[in-house]
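# Results of the structural survey
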Amino acid sequence: MGRVYVVGTCDTKAVELRYVRDLLTGQGISAVIVDVSTALRAPCSGQPDMIDPATVAAAHPDGPQAVFTRRRGSSIAAMATALRRFLCARDDVDGVLGIGGSGGTALIAPALQALPLGLPKMMVSTVASGNVAPYVGGSDIAMVYSVTDMEGLNRLSRRILANAANAMAGMAAHLPPATHDTRPAVGLTMFGLTTPCVERIVSDLEDTFDCMVFHATGTGGRAMERMADSGQLAGIIDVTTTEICDFLSGGIFPCDDDRLGAAIRTGVPYVGSCGALDMVNFGAIDTVPARYRDRVLVEHNPQITLMRTSVEECRAMGEWIGHRLNRCEGEVRFFLPEGGFSLLDRMGEPFYDPQADQTLFEALERTVEQTPRRRLIPLPYGVNDTAFADTLAATFRSLFNGEHS
């Protein structure tokens, strides 16, 4: 049996941490407080069922002295590193529940991100109602907004912390039924406007492969690549590379400069395409930057506005993708859908722009150093046509089986 680690700074959150720990132990869950204060002595120090800051700090690669610097910024960053290494080295973690304000959340979240996907992890935070992407990343952290600041307990904070403790107790005590799926896992990327393609590929492959579909919203791509890096994916079918549009043009769902990095590092079979490279994502229409207001815009829903990528942006994307593909040493097939990149990039639809699409194709063909293992393959279909999806599925199956023709 493992235990739940309740993490926070005892110099400011001792009352809240003890309250949550006691709620957990009251339900029969083994729980321990992990004090990540950046002072050596804190109100919880020396108490039973707690791990003191010095023990955590000792996990820092440069030792405790790197943590206790008396400089808030550097101490928090160093303690974050120490906590990540400390928790990842434990073999008895049934779940982790963090409590913090802005500083505590910044300290604890990197450790939660580093823990295995599927392990219960929760963060009760004063900043959980804003942009939580930096804290969650590509992980499965449950963020709970504390509503009130955490300065002692009150009638509302007791309820919110109890909700978090009860949720963690349920997750830690009730594991999902064990399953034994012998199918190799494959990661796929999907957007709403490439859904027909991905659904067809899944239908074609699910007899043999455990198809894991990731929403291409920046964090989705990072989560997929993290799983590939950790050896949990046997291959990638990157239908929807649209995160690159937002990365290069300032959209709200960007990847980072490591996109395609997992294919580069692992050499797993990689089948990609130009899915949704016709669009950059912004928020509600009044949030579109002024420099883009005269572009072709589509209100996807009240919160998302799509902008058609231009000839210049398509050229830049083709070159960027091409340079990344050149670093892949495994089997790579990148498909060019000549009939359009999404449901909006078809004749009669608002993003139909054959010139922009052709510019992207030409940039890829000019940049990619094609070899028997790294090939660009044009197809006379749109990305959502059945024939396009079937070709991607058949190609991946062949590559996985070692048929590299």
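Under an unreviewed UniProt entry, the name given to the protein is UPF0261 protein CFR71_12955, and the source organism is Novacetimonas pomaceti. As recorded by UniProt, the Sequence similarities (unreviewed entry) comment attached to the protein reads in full: "Belongs to the UPF0261 family."

## Digging into the UniProt feature "domain: UPF0261" (unreviewed entry) in the protein
With numbering matched to this structure, UniProt assigns "domain: UPF0261" (unreviewed entry) to residues 3–173 and 183–399. Secondary structure content for residues 183–399 is 36% helix and 21% strand, and the end C-alpha separation is 16 Å.

## Examining the pattern of salt bridges
Here the structure, examined in full by the defined rule, presents 21 salt bridges. The residue Arg259 makes a salt bridge to Glu225 at a minimum N-O spacing of 3.0 Å. Of this pair, Arg259 sits in the loop between α9 (243–249) and α10 (261–266) while Glu225 sits in helix α8 (residues 219–229); the two residues are 34 residues apart in sequence, bridging distant segments of the chain. The burial state of Arg259 is the same as that of Glu225; both residues are buried. Arg308 is the partner of Asp357 in a salt bridge, and the nearest nitrogen-oxygen pair spans 2.8 Å. Of this pair, Asp357 sits in helix α12 (residues 354–367) while Arg308 sits in strand β13 (residues 304–308), placing them 49 residues apart in sequence.

## Section: the nonpolar core
Ranked by internal contacts, the top residues of the largest apolar core, which has 41 residues, are Cys274, Leu325, Phe334 and Leu364. Where this core is concerned, the elements lending two or more residues are α8, α9, α10, β11 (279–282), α11 (311–325), β14 (332–337) and α12. Tallying contributions element by element places α11 first for this core, with six residues. For Leu364, the contacting residues outside a window of four places in its chain are Cys274, Gly318, Ile321, Gly322, Phe334, Leu336 and Leu376. Ile51, Val67, Ala80 and Phe86 belong to the second largest nonpolar core, which has 30 residues in total.

## Overview of the domain arrangement of the protein
What the domain assignment reports for the protein is domain 1 (3–174) and domain 2 (185–401). Contact with domain 1, which involves eight residues of that partner, is made by four residues of domain 2. A combined buried area of about 430 Å² lies between domain 1 and domain 2, and 54% of that area is made up of carbon and sulfur atoms. In terms of surface lost to domain 2, no three residues of domain 1 exceed Leu117, Gly137 and Gly138, which account for 77% of the buried area on that side. Taken together, the links from domain 1 to domain 2 amount to zero salt bridges. Remark: the boundary between domain 1 and domain 2 carries two residue pairs in polar contact (both at pLDDT 80 or more).

Definitions and cut-offs
Residues numbered from 1 in each chain as written. Predicted model: local features only at pLDDT ≥ 70, side-chain atom pairs only at ≥ 80, totals over all residues. Heavy atoms only, no water. UniProt positions renumbered as here; feature names shortened; annotations may be inferred. Helix = DSSP H or I, 4+ residues; strand = E, 2+ residues; numbered from the N terminus. Salt bridge = Lys/Arg side-chain N within 4 Å of Asp/Glu carboxyl O. Buried < 20%, exposed > 50% of the residue type's maximum accessible area, 1.4 Å probe, protein only. Core = buried A, V, L, I, M, F, W, Y, C linked by side-chain atoms within 4.5 Å. Contact = heavy atoms within 4.5 Å. Domains from an automatic or database assignment. Buried area = accessible area lost by both parts, 1.4 Å probe. Polar contact = N/O pair within 3.5 Å; in protein donor to acceptor, adjacent residues only side chain to side chain.

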